[in-house]
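A look at the structure
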Amino acid sequence: MTPALIGREHPAQLIQAEVERTLTSHGGLVLVAGEAGVGKTTLVTQSLRAAGREGALVASGACWDREGAPGYWPWVQAIRSLERQLDVDEWAGASEAAGDGLTFLVGDISEPPPMGDLEDAAFRLCDAVTTLLSTIARRHPVIVAIEDLHWADASSLQMLDFVVRHTWFERILVVGTYRDVEVETPNHPLRELLRPLEMKATTVTLTGLDESGVEALITQVNGEKPEADLVADVHRRTGGNPLFIEQMARLWLVGGTIDAAPPGIRDAVERHLSYLPKPILNMLTDAAVIGPEFHRQVLASVSGMPAAEARQVLQQAALTRLVIPLDAGRFRFAHDLVREILYDSLDTDGRRRGHAAVVRAMEEQDGEDVPPAHLAHHAYLAVPDVPEREAMRYLLAAGREAACRLASEEAATHYRRALEIVPDDAPRRRASIILALADQHRRTGDDVAARRLLDEVVALAGELGDVDLAQRANATLGEVSGSPEAPADNTASVQVSPDLSDHGPAAGSGNVFRFDGSVWTLTFAGRTALMPDAKGLHDIHTLLGHPGADVPSTELLTTGGNEQAHAARRLGGDAVLDDTAKEQYRRRLTQLDDEIERALARQDDSRAAELDRERDALLEELRNAAGLGGRSRRLGDEAERSRKTVTARIRDTLRRLDGRHPELAEHLRTSVATGITCRYRPVEETHWAL
């Protein structure tokens, strides 16, 4: 029996209205936003299960947060799901209508298209997917659900944009979920993609449950109604986050006390896991290495247990609701946070051994069932348990396969990884890989990076005395010589030194995280980096000064610990635009769309451009008054936004550190937790000079 949705009546009604319109008329786009664990997947799953009962074909795909997923992966999953649901003749008719462009995604292409045909090939691919969906929708309403868009690759986002724009009047509904906290960070690819879509999408933003919802969820999990004081305490600790509430309730169910539960969602999940029998915990940890989804047979091989025993343990694991059975022996984690915690529990050696075991298990499977990207990802992370030469072979195969699918960003990742492990005594192999990487940069329009790589090949050719290699690299350089020069680099200069005597404090002073008023000195693991000032660095500095303590995100936004300022952040305020004003904006935007179309029909380009400028101005006003989730911004109210703002700027800082001090970035990523409260808790005691 499916558990009832709690506290989600209105969001469910919004999605149901979109589904009903799709069943009878035309579809559109629904975006479901909210923080991790707030219930996006549960809401969408139950809503679309009902749509399936009413005759819709429901296909789903999910984006992965790790680099092991192929480009277009959520669309590959969705299309394969549709193929499984249709009879042979209907699928053959739909795929024939789609044309040969579909083979880029799910076919067998041995050669990537030439540079001159690249733009046409990309269009054919997007058009083929759109035609496939439209053809199927003539007989069955189609709903495509794509989860975790905040992790999507650029190719998948471009496909989403194309499909939505070209199927608006078909019986096709696209439902996407994303963590708005992550999307609202600067330079996130989905942020720009949403700009032309946000006014057309029905946006459903989920927030925490109220106290009545907390009470109902605890009762549903435990079968016992909690006391009012306990409900209030849980609501205060969790902010109404359903996943957090459920984990705390299960702790209570197995004999723990909610009062004693630590105030952090990772802590609650970790304590839930600690009560599991060891065979289940060990198997789930092995599954976490495989990925968000895994096959029972692969897991049995990785865990080193007979298939029958693995089946029994997985059935027991499913009862904990930490994993969910799918079909054909496949399972997925109920929430990626569970998988992250299990994976993080392994040390470096344990992860490497695990990835090596996954490689061996996948090698035993039929090749068609194992995407080359998955195999390459695990092999790369398993070096040296998987020999470098073998890992490089998988990476190059995955890079070529991705290039054939027009997934240039993914192909570039595989080639970069191959360069990391190519032996020093194989300069010609290195040059070959660099040429392949340069080609992918050209295909993504990054001619500056391509020229830099080609110059490196020319230098290698000179060292080797290889005239043919030099001519090949120079010929390619000539093809890109007309590209615009690289833009000026306005990034603040950052110096990185492996020797403490060159920068910062004297050797032996340990870890340093210090600001001198203009530049941060960051020393960790025997390496020092100088960073320009950023708010995220101040947040991390505060957390390092209070190891193990929970620091409210509102406090990180307020300097000096001013209690009046903190109180002001908890108070509500008037919306920048009230509902009446927003409705007037939307009506005017609709009018402008119609007027622009009429102007274009009359070939009155100047009038259309004038109307388009007015439309852009109105959209900018609405963006300033509302977040990407469509919620009204409130004057003087940052209680909700403080969590999102602090999380976004800390994550942005860690991304910047990845390229400047990767050891420190990795340490902080595994030690700093963000949310309603933030905390620095390293695995091993770590001291800092602040």
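See the structure above.
Below: a short report on this structure. Everything quoted here is computed from the prediction, not taken from an experiment. (Residues numbered from 1 in each chain as written. Predicted model: local features only at pLDDT ≥ 70, side-chain atom pairs only at ≥ 80, totals over all residues. Heavy atoms only, no water.)

1. Examining the overall build of the chain
The condition that has to hold: Labels follow the DSSP assignment, with helices taken as runs of H or I lasting at least four residues and strands as runs of E lasting at least two, numbered in each case from the N terminus. Three labels apply to residues, based on accessible area from a 1.4 Å probe with only protein chains included: buried if under 20% of the type maximum, exposed if over 50%, partly exposed otherwise in between. Throughout, a residue-residue contact means that at least one pair of heavy atoms, one from each residue, lies within 4.5 Å. A 1.4 Å probe and the Shrake-Rupley method give the accessible areas. Residues count as covered only by the protein chains that appear here.
From N to C terminus, the chain includes 31 helices and 16 strands. For the chain, with 690 residues in total, the buried portion stands at 50%. Looking at the chain alone, contacts between residues at least 24 apart form 70% of all its contacts between residues at least 6 apart. Surface accessibility of the chain: about 32400 Å² in total, with carbon and sulfur atoms responsible for 48%.

2. A few points about the pattern of salt bridges
To be explicit about the condition: A pairing counts as a salt bridge when a side-chain nitrogen of Lys or Arg comes within 4 Å of a carboxyl oxygen of Asp or Glu.
Tallied over the full model, the rule gives 24 salt bridges. Among the ionic pairs, Asp-233 bridges to Arg-236, the shortest N-O distance being 2.5 Å. With Asp-233 and Arg-236 both in helix α11 (residues 228–238) and three residues apart, the pair spans about one turn of that helix. With relative accessibility at 58%, the residue Arg-236 sits in the exposed group. What you see here is one network of salt bridges that share partners, running through Asp-100, Asp-120 and Arg-124.

3. Some words on the packing of helix α22 (residues 427–443) against helix α24 (residues 467–480)
Stated precisely, the cut-off is as follows: Lines are fitted to the C-alpha atoms to define the axes, a helix being fitted only along its stretch in contact, and any angle between axes, read from their N-to-C directions, falls within 0 to 180 degrees. For classification, angles of less than 35 degrees are called roughly parallel, those exceeding 145 degrees roughly antiparallel, those between 65 and 115 degrees roughly perpendicular, and all remaining angles oblique. All residues other than Ala, Val, Leu, Ile, Met, Phe, Trp, Tyr, Cys, Pro, Asp, Glu, Lys and Arg, Gly among them, are scored as polar; the first ten of these are nonpolar and the last four charged.
The geometry of α22 relative to α24 is characterised by a closest axis approach of 12 Å and an angle of 10 degrees between their N-to-C directions. Taken together, α22 and α24 sit at an angle that is classed as roughly parallel. Here α22 contributes Ala-431, Leu-435 and Arg-442 to the contact with α24, which in turn contributes Leu-469, Arg-472, Ala-473, Thr-476, Glu-479 and Val-480. Broken down by class, the residue content of the contact of α22 with α24 amounts to five nonpolar, one polar and three charged.

4. Observations regarding the sheet that holds strand β7 (residues 323–325)
Strand pairs in the sheet, formed through backbone hydrogen bonds, run parallel or antiparallel to each other. Selection criterion: By definition, two strands form a pair when at least two bridges between them are found by DSSP.
The strand order across the open sheet formed by three strands is β6-β8-β7, and the pairing between neighbours is antiparallel. Where the open sheet ends on each side, the last strands, each with one partner, are β6 (293–295) and β7. In this sheet, neighbouring strand axes are inclined to one another by 30 degrees on average, regardless of whether the strands run parallel or antiparallel. In this sheet, strand β8 (residues 330–333) lies alongside β7 in antiparallel orientation, the contact comprising three bridges. Of the residues in β8, the one forming a bridge with Pro-325 is Phe-331. Of the strands in this sheet, β6 and β8 touch helix α15 (residues 296–303), which is tilted by about 80 degrees from β6.

5. Let's talk about the environment of Pro-70
When you line up the elements, Pro-70 lands in the loop between β2 (57–62) and α3 (73–85). Expressed as a C-alpha distance, the spacing of Pro-70 and Glu-410, which sit 340 residues apart in the sequence, is 6.7 Å.

6. Points about helix α7 (residues 154–166)
Under the convention used in this document: Given a helix with a known number of residues, its expected span is that number minus one, times 1.5 Å. Pairing of N or O atoms within 3.5 Å defines a polar contact, subject to two protein rules: one partner must be a possible hydrogen donor and the other a possible acceptor, and residues neighboring in sequence count only if both atoms are side-chain atoms.
In a regular helix each residue adds 1.5 Å, so 13 residues correspond to 18 Å; α7 covers 19 Å between its end C-alpha atoms and thus fits that length. Inspection of α7 places Ser-155, Ser-156, Leu-157, Met-159, Leu-160, Asp-161, Phe-162, Val-163 and Val-164 among the buried residues, and these make up the whole buried set. By the N-cap criterion, in which a side-chain oxygen at the helix start approaches the backbone nitrogen of a residue two or three places on, α7 is capped by Asp-153, the distance to Ser-155 being 3.2 Å.

7. Some points on the packing of aromatic side chains
Where we set the bar: Two aromatic rings, drawn from Phe, Tyr or Trp (for Trp, its six-membered ring), form a pair once their centres lie within 6.5 Å of each other, and the interplanar angle then sorts them: stacked below 30 degrees, edge-to-face above 60, tilted otherwise. Criterion for a charge above a ring: Lys NZ or Arg CZ within 6 Å of the ring centre, and within 35 degrees of the ring normal.
Following the criterion strictly, the structure yields eight aromatic pairs and no others. Between the aromatic rings of Trp-64 and Trp-73, the centroid separation amounts to 6.3 Å while the plane-to-plane angle is 80 degrees, which identifies the pairing as edge-to-face. Here Trp-64 and Trp-73 have matching classes, each one buried. Aromatic side chains Phe-123 and Phe-162 sit 5.7 Å apart centroid to centroid with 80 degrees between the ring planes, which places their arrangement in the edge-to-face category. One end of the pair, Phe-123, is in helix α6 (residues 118–137); the other, Phe-162, is in helix α7, with 39 residues separating them in the sequence. The partly exposed category is assigned to Phe-123, whose relative accessible area is 46%. Taken together, the ring pairs connect Phe-513, Phe-515, Trp-520, Phe-524 and Trp-688 into an aromatic cluster. For the cation-ring pair, Arg-393 lies above Tyr-394, with the distance from its terminal atom to the ring centre recorded as 5.2 Å.

8. So, the sheet that holds strand β15 (residues 677–680)
One open sheet accounts for three strands, arranged β13-β15-β14; its pairing is antiparallel. Pairing within the sheet leaves two strands with one partner each, and these edge strands are β13 (551–552) and β14 (672–673). Two elements, β14 and β15, share two bridges in a ladder whose sense is antiparallel. Within the sheet, the bridge partner assigned to Ala-673 lies in β15 and is Arg-679. Packed onto the sheet, helix α25 (residues 535–544) meets β13, β14 and β15 and runs at close to 65 degrees relative to β15.

9. As for helix α20 (residues 388–404)
In this model α20 runs 24 Å from its N-terminal to its C-terminal C-alpha over 17 residues, within 8% of the 24 Å that 1.5 Å per residue would give. Three or more residues of α20 are buried, namely Glu-390, Ala-391, Met-392, Tyr-394, Leu-395, Ala-398, Gly-399, Ala-402, Ala-403 and Cys-404. Buried residues in α20 make contact with α5 (103–106), α18 (348–363), α19 (372–382), α21 (408–421) and α22. Backbone geometry just after α20 places Leu-406 at a positive phi near 70 degrees.

10. Quick look at the environment of Gln-247
In this fold, Gln-247 is placed in helix α12 (residues 242–253). Distance from Gln-247 to Leu-273, taken between C-alpha atoms, is 9.6 Å for residues 26 residues apart in sequence.

11. Structural notes on the nonpolar core
The criterion, for reference: Among buried residues, the Ala, Val, Leu, Ile, Met, Phe, Trp, Tyr and Cys ones that are joined through side-chain atoms within 4.5 Å form a nonpolar core.
Counting 128 residues, the largest nonpolar core has Trp-75, Val-129, Leu-133, Leu-149, Leu-284, Phe-294 and Phe-333 as its most contacted members. The greatest single-element share of this core, amounting to ten residues, is contributed by α6. Setting aside residues no more than four positions away along its own chain, Val-129 makes contact with Trp-75, Ile-79, Leu-102, Leu-105, Met-159 and Val-163.

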